[in-house]
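The primary structure of each chain is shown beneath.
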Amino acid sequence: MNYFPDEVIEHVFDFVTSHKDRNAISLVCKSWYKIERYSRQRVFIGNCYATNPERLLRRFPCLKSLTLKGKPHFADFNLVPHEWGGFVQPWIEALARSRVGLEELRLKRMVVTDESLELLSRSFVNFKSLVLVSCEGFTTDGLASIAANCRHLRDLDLQENEIEDHRGQWLSCFPDTCTTLVTLNFACLEGETNLVALERLVARSPNLKSLKLNRAVPLDALARLMACAPQIVDLGVGSYENDPDSESYLKLKAAIKKCTSLRSLSGFLEAAPHCLSAFHPICHNLTSLNLSYAAEIHGSHLIKLIQHCKKLQRLWILDSIGDKGLEVVASTCKELQELRVFPSDLLGGGNTAVTEEGLVAISAGCPKLHSILYFCQQMTNAALVTVAKNCPNFIRFRLCILEPNKPDHVTSQPLDEGFGAIVKACKSLRRLSLSGLLTDQVFLYIGMYANQLEMLSIAFAGDTDKGMLYVLNGCKKMKKLEIRDSPFGDTALLADVSKYETMRSLWMSSCEVTLSGCKRLAEKAPWLNVEIINESDNNRMEQNGHEGRQKVDKLYLYRTVVGTRMDAPPFVWIL
Amino acid sequence: MEKVGDYDELVNLKATELRLGLPGTEEETVPCGKSNKRALPDDTEKEIESTGKTETASPPKAQIVGWPPVRSYRKNSIQTKKNESEGQGNYVKVSMDGAPYLRKIDLTVYKKYPELMKSLENMFKFSVGEYSEREGYKGSDFVPTYEDKDGDWMLVGDVPWEMFVSSCKRLRIMKGSEVKGLGCGV
């Protein structure tokens, strides 16, 4: 390759798009590093505190698309206080100052303010795509600035964010000249929606492929929207109730029939199940169905809908579907690749739920299954062994038995053997979440067999430090390890400090690690940020007589090239 | 399969184990998951005796923070739905064939069927016929029906009031030609 001019090499690099591959390319030699960094357009930063905006811009001045992730995963479950960090403002400020031609920004678990959105909307002439997932800190006023100022906006995709709804007219802020929308997802907004503005916007967006509505969009509006967007590929229905004989329902049925490109359906946030039959004509085209927010759709109406969806590849559903419902899925959806079954009753009522039978049925009926998230009441080792045999192709296997520490409900044994079978059979497994009664044995299996494992979530599991050590020693590709309420302590934490340089982050909460253990780790590894999150006063930890031995409530450590962050709140102590 | 026990001899982890307490004292191993966790602030247990629940309620479980691992956004969404159907009043939607929009009423406000009927009649300006177990509602074009937990449409008035309130998901006042077909299974 030394014989080729740089432009040729750059052209070859254009075909390499995955971040992993581009990172590898940049390590080959200085010349390739240089060519790669100037040609890199899409950058992914899995932990916003691992680097900073200045370094990003120095290395990749031609950046067009940036993906940033902020808070650790367990923040999703209220384990991280809101003010912990993950602010996007400094990033946007730096990008704006540098005049880089930013076109796309994708954020996950970050704090976004209206000020940030306004700055974003004004600073980048070619800005096209904003995707916010599980973010917070902004209101519909921020959305209004995006709508008003981004002339070439293509995607506005808001997924499961906490947005303060000021019931403003953000939708009317899209100028009449804006005709470039491809994605519009505002399903997570709780307030009223200006239906007239919405309909006009959809009518003048011929490229609109993905439209996800919020609760405040009723069925008659849906009918009109679908009538002017028959090209729609991905639809999120808001409110879905009306009289099945009404004119708007008949209009809806007619409009649906014309949507021959529709492949993905979601929403039904408020639904009258008997109207679902309107969608039956297009079900045979659906590859993705997300009914996980449709609490009112269950029983025979749900089953009838699913029976029409023979091409389904992705299904997100509530556990009210039951084992019998999952059997129908297993016999109908032979193309199924991803299944998520969410709990409908968080207090563990136990009436309408799924068990190991549903999981086994799915594994038997759907040979292409590679990703599963399954919340259930009970599990057995035998079932997991069967699942492993039926589906050795799992990439993601996340099982959550609702009651912590629950053993195999038939044999009363821990579920070590069942999960062991999974990791042994699934050689491509990249992500695993454990639950139920588990001893150190399961971790021995994971360390031995889960060679490709990148992310592991542990809760209420294990007996001694050995468990954690098996994982740290065995899983060479581990990137993210998150542990809660398990008896792992300083010995495991400190056994191999250099391991953390190969990982993105480690989270340990309500475990046995002590303050002195964490301090020792921080001393040994200055390239790590070791954060102690203590909602009780941190200073008290020092003053206590048993200073070193005090257990740390929450530990979050991550590799970084920029040292201690300056924006940590008082309850976060960075050692 | 290598057994966990063999490893013990090589690495005396117990001796180097760091824990609270003076050396020489044995700490009783407490299985993880015991509920000494802070309770989730707004996830307080709903009243066990909600209106007319027929199944036996499970004893209140101690709330563990962040468990089950469901995103707060999703949890809030389910909680809102639950609040709408339990606890603070039992509001159900009422639709009437031909009406441009639906209404909502709180079933817990009424003690028996005639009260509910009168309220509906006032709200939608119609009158329902006379109820008999054998023939349903006679003497009117309007018939009150409700959707139960299984998703089936039932005639209002057949079951005891409490059972009705606990299983009613929504109301629909049917009218006209559909009414005639009620006996043949709508």
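Please refer to the structure placed before this passage.
Residues numbered from 1 in each chain as written. Chains lettered and ligands numbered in written order. Predicted model: local features only at pLDDT ≥ 70, side-chain atom pairs only at ≥ 80, totals over all residues. Heavy atoms only, no water.

1. Here's the deal with a negative patch on the surface
- Together, Asp 6, Glu 7, Glu 10 and Asp 14 of chain A give the surface a local cluster of negative charge.
- When you line up the elements, Glu 10 of chain A lands in helix H1 (residues 6-13). (Patch = residues over 30% accessible without salt bridge, like charges linked within 9 Å, V, L, I, M, F, W, Y side chains within 5 Å. Areas by Shrake-Rupley, 256 points an atom, 1.4 Å probe, with all protein chains shown as cover. Salt bridge = Lys/Arg side-chain N within 4 Å of Asp/Glu carboxyl O. Lys, Arg positive; Asp, Glu negative; His and termini not counted. Charge placed at Lys NZ, Arg CZ, Asp CG, Glu CD. Helix = DSSP H or I, 4+ residues; strand = E, 2+ residues; numbered from the N terminus.)

2. Points about the pattern of salt bridges
Residues and elements named next belong to chain B.
- Counted by the stated rule, this structure contains 29 salt bridges over all chains.
- Here Glu 147 ties to Arg 170 by a salt bridge, and the two come within 4.0 Å at their closest N and O atoms. Here the residue Glu 147 occupies a position in strand E5 (residues 142-147), and Arg 170 occupies one in strand E7 (residues 170-175), the gap between them amounting to 23 residues.
- When its relative accessible area of 6% is taken as the criterion, Arg 170 is described as buried. (Buried < 20%, exposed > 50% of the residue type's maximum accessible area, 1.4 Å probe, protein only.)

3. Regarding the state of the cysteines
All names here are of chain A.
- A full pass over the atoms with the stated rule returns 0 disulfides over all chains.
- Cys 275 takes part in no disulfide bond, and the closest cysteine sulfur to it belongs to Cys 283, at a distance of 14 Å.
- Residue classification places Cys 275 among the buried residues on the basis of a relative accessible area of 0%. (Disulfide = S-S within 2.5 Å.)

4. Comments concerning the side chain of Thr 51 of chain A
- With respect to the helices, strands and loops of the structure, Thr 51 of chain A is situated in the loop between strand E1 (42-45) and helix H4 (53-59).
- Discounting residues that sit within four places of it in the chain, Thr 51 of chain A has contacts with Ile 45, Trp 91, Thr 560, Val 561 and Val 562 of chain A. (Contact = heavy atoms within 4.5 Å.)

5. Examining helix H5 (residues 89-98) of chain A
- For H5 of chain A, every residue scored as buried is listed here: Gln 89, Trp 91, Ile 92, Ala 94 and Leu 95 of chain A.
- Looking at the residues trailing H5 of chain A, positive phi occurs at Arg 99 of chain A, about 60°.

6. As for the packing of aromatic side chains
Residues and elements named next belong to chain A.
- Throughout the structure, instances matching the rule amount to 26 aromatic pairs over all chains.
- On the numbers, 5.6 Å between centres and 80° between planes, the contact of Phe 443 with Phe 488 is edge-to-face. Here Phe 443 is found in helix H16 (residues 440-449), whereas its partner Phe 488 is found in the loop between strand E19 (480-484) and helix H18 (490-494), with 45 residues between them in sequence. Here Phe 443 and Phe 488 have matching classes, each one buried.
- Among the aromatic residues, those joined into a ring-pair cluster are Tyr 49, Phe 74, Phe 77, Trp 84, Trp 507, Tyr 556 and Tyr 558.
- Geometry around Trp 84 places Arg 565 over its ring, the cationic atom sitting 4.4 Å from the centre. (Phe/Tyr/Trp six-rings, centres within 6.5 Å; stacked < 30°, edge-to-face > 60°. Lys NZ or Arg CZ within 6 Å of the ring centre and 35° of its normal.)

7. Digging into the environment of Met 154 of chain B
Residues and elements named next belong to chain B.
- One can find Met 154 in strand E6 (residues 153-155).
- Between the C-alpha atom of Met 154 and that of Cys 168, which follows or precedes it by 14 residues, the distance is 9.3 Å.
- Contact partners of Met 154, with chain neighbours within four places excluded, come to Pro 144, Thr 145, Tyr 146 and Asp 148.

8. Overview of the pairing of strand E18 (residues 455-459) of chain A
All names here are of chain A.
- Of all 5 residues in E18, 5 are buried; the element is thus mostly enclosed.
- The side-chain alternation of E18 yields two buried faces, one formed by Met 455, Ser 457 and Ala 459 and the other by Leu 456 and Ile 458.
- With 3 bridges joining them, strand E17 (residues 431-433) and E18 adopt parallel strand pairing. Counted as the bridge partner of Ser 433 is Ser 457 from E18. (Pairing = 2+ DSSP bridges.)

9. Quick notes on helix H8 (residues 195-203) of chain A
Residues and elements named next belong to chain A.
- Those residues of H8 that fall on the buried side of the exposure criterion are Ala 197, Leu 198, Glu 199, Leu 201 and Val 202.
- Packing partners of the buried residues in H8 comprise strand E8 (183-185), strand E9 (210-212) and helix H9 (219-228).
- With a side-chain oxygen positioned 3.2 Å from the backbone nitrogen of Val 196, the residue opening H8 is Asn 194. (Polar contact = N/O pair within 3.5 Å; in protein donor to acceptor, adjacent residues only side chain to side chain.)

10. Thoughts on the packing of helix H2 (residues 19-26) of chain A against helix H3 (residues 30-39) of chain A
Residue and element names in this part refer to chain A.
- Contact geometry for H2 and H3: axes closest at 8 Å, N-to-C directions at 145°. Across from Arg 22, Ile 25 and Ser 26 in H2, the residues of H3 making contact are Trp 32, Tyr 33, Glu 36 and Ser 39.
- Per-class residue counts for the contact of H2 with H3 are 3 nonpolar, 2 polar and 2 charged. (Axes fitted to C-alpha atoms, helices over the stretch in contact; angles between N-to-C directions. Nonpolar A, V, L, I, M, F, W, Y, C, P; charged D, E, K, R; others polar.)

11. Looking at the nonpolar core
- The biggest cluster of nonpolar side chains holds 189 residues, and the ones touching the most others in it are Leu 184, Tyr 240, Phe 268, Phe 397 and Ile 446 of chain A.
- Considering every element that reaches this core, the biggest residue donor is H9 of chain A, with 6 residues.
- Filtering out sequence-adjacent residues up to four positions away, Ile 446 of chain A remains in contact with Val 423, Leu 432, Leu 434, Leu 453, Leu 456, Val 471 and Cys 475 of chain A.
- Ranked by size, the runner-up nonpolar core spans 25 residues in total, among them Val 94, Met 117, Phe 142 and Phe 164 of chain B. (Core = buried A, V, L, I, M, F, W, Y, C linked by side-chain atoms within 4.5 Å.)

12. Comments concerning the pairing of strand E4 (residues 129-133) of chain A
Residues and elements named next belong to chain A.
- Of all the 5 residues making up E4, 5 are buried; the element is thus mostly covered by neighbouring parts of the structure.
- Side chains Ser 129, Val 131 and Val 133 project from E4 onto one buried face, and the interleaved Leu 130 and Leu 132 project onto a second face that is buried too.
- The sheet contact formed by strand E3 (residues 104-108) and E4 spans 5 bridges and is parallel. By the bridge assignment, Arg 106 is partnered in E4 with Val 131.
- Between the parallel pair E3 and E4, the chain is carried across by helix H6 (residues 114-123), and the sense of this crossover is right-handed.
- Across 5 bridges, E4 lies against strand E6 (residues 155-159) in parallel orientation. Paired with Val 131 across the bridge in E6 is Asp 157. (Right-handed = clockwise from strand over helix to strand, strands pointing away.)

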